[in-house]
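# Descriptive structure summary
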Amino acid sequence: MSLEGVAQVEPATLAAITSGGTWEETVIECGVPEEIATEVGGTTGWLHSTAFDRSITRTQYSGSFYFDKQTSRVYFCTVNPKVRTEG
C-alpha cells in the first residue's frame, strides 16, 4: 500500500524542521499521483533530506518527505506506512 499527500505546515514549524541537518533543493523523485498533481503544483525546488526521512520512518517503511518553503507545504510519499510506537 502506498500513501501520498500534501499538507500545510506552519511556517515556523517548517523553518524549525529545515534549519538543521542537510537539506538539498531537489525534484520530487517519487512521482505525484494525478489526483493531487494540481494541489502539489510544480515538482521542482522542494527541500529534501534523506536523514529526515530516516528519522520519520525509522526504517519501518519506505518514505520521502519534501518541503516547500515558499508555500509552507510538505509532500509525502510512503510505501506500507506504519504507526510509529514510542521508543
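A short tour of the structure in this document, coming up. Remember, it's a predicted structure, so these values are computed and weren't measured experimentally.

## Comments concerning the packing of aromatic side chains
For the coordinates displayed, the defined rule picks out four aromatic pairs. Measuring from centroid to centroid gives 5.5 Å for Trp23 and Phe67, while their planes differ by 80°, and the two rings are edge-to-face. Of this pair, Trp23 sits in the loop between helix H1 (11–18) and strand E2 (24–26) while Phe67 is found in strand E4 (residues 62–68), placing the two residues 44 residues apart along the sequence. Exposure remark for Trp23: the relative accessible area of 16% places this residue in the buried category. Taking 6.1 Å as the distance between ring centres and 85° as the angle between the ring planes, the aromatic pair formed by Phe52 and Phe65 counts as edge-to-face. Of the two residues, Phe52 sits in helix H3 (residues 50–57) while Phe65 sits in strand E4, which places them 13 residues apart along the sequence. Across the pair, Phe65 and Phe52 agree in class, each one buried. Ring pairing ties together the aromatic residues Trp23, Phe52, Phe65 and Phe67, which thus form one cluster.

Rules behind the numbers
Within any chain, residue numbers begin from 1 and follow the written order of that chain's sequence. This being a predicted model, a pLDDT of at least 70 is required before a residue's local features are given, and a value of 80 or more before pairs of side-chain atoms are given or counted; all residues contribute to the totals for chains, interfaces and linings. Note that the side-chain values use all heavy atoms of the structure and ignore hydrogens as well as water. Side-chain rings of Phe, Tyr and Trp, where Trp is taken by its six-membered ring, are said to pair if the distance between their centres is within 6.5 Å; with planes under 30 degrees apart they count as stacked, over 60 as edge-to-face, and otherwise as tilted. Strands here are runs of E lasting at least two residues and helices are runs of H or I lasting at least four, both read from the DSSP assignment and numbered beginning at the N terminus. When accessible area is computed with a 1.4 Å probe and restricted to protein chains, residues below 20% of their type maximum are described as buried, those above 50% as exposed, and intermediate ones as partly exposed.

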